[in-house]
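# An overview of the molecular structure
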Amino acid sequence: MRKDRLIPADELALHRSRDDAWISVDGIVYDITPHIKNHYGWRDGPVTTVVAIMNALGRDATREWHEVGVHAERKPMAELRTYRIGVLQGGPLDPAVTAVTAPEQASVDHA
């Protein structure tokens, strides 16, 4: 089982530049700096792509990630997984949150 570092939202928020770029997707935090430095948006892509990436940095970008249809494909998801650095504290995969909600969910399931 993977032991992830818990990353608080305020730490995530410090990483908002092209040279230091973190995002959270579905409760997992990724350092996507290598990806965005080589992203086609800075070379040949539309300006809107660059703006969208920059707006997503340093925060939970789950909605934005899933809104881009190509991100559902295998290759982007596999690439994103290589940048995983931890779990967002207070997010859906935080063990403290899971431990609190799991018993509550179990009682709801049996009701």
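The notes below deal with the structure included here.

How each quantity is defined
Residues numbered from 1 in each chain as written. Predicted model: local features only at pLDDT ≥ 70, side-chain atom pairs only at ≥ 80, totals over all residues. Heavy atoms only, no water. Salt bridge = Lys/Arg side-chain N within 4 Å of Asp/Glu carboxyl O. Buried < 20%, exposed > 50% of the residue type's maximum accessible area, 1.4 Å probe, protein only. Helix = DSSP H or I, 4+ residues; strand = E, 2+ residues; numbered from the N terminus. Core = buried A, V, L, I, M, F, W, Y, C linked by side-chain atoms within 4.5 Å. Contact = heavy atoms within 4.5 Å.

## Topic: the pattern of salt bridges
Under the criterion given, the structure shown has six salt bridges. We note a salt bridge from Arg63 to Glu64, for which the minimum N-O separation is 3.4 Å. Among the residues examined, Arg63 registers a relative accessible area of 55% and is labelled exposed. Between Arg63 and Glu67 there is a salt bridge whose closest N-O contact spans 3.2 Å. Taken together, the positions of Arg63 and Glu67, both in helix 4 (residues 62-67) and four residues apart, correspond to about one turn of that helix. Three or more residues joined by partner-sharing salt bridges are found here, namely Arg59, Arg63, Glu64 and Glu67.

## Focus: the nonpolar core
Formed by 14 residues in total, the largest nonpolar core has its most connected members in Ile23, Val25, Tyr30, Ile32, Ile36, Leu57 and Leu80. Tallying contributions element by element places strand 3 (residues 20-25) first for this core, with three residues. Aside from chain neighbours lying at most four places away, what touches Ile32 is Ala21, Ile23, Leu57, Leu80 and Tyr83. Grouped together as the second largest cluster of nonpolar side chains are five residues, Leu12, Trp22, Val29 and Leu88 included.

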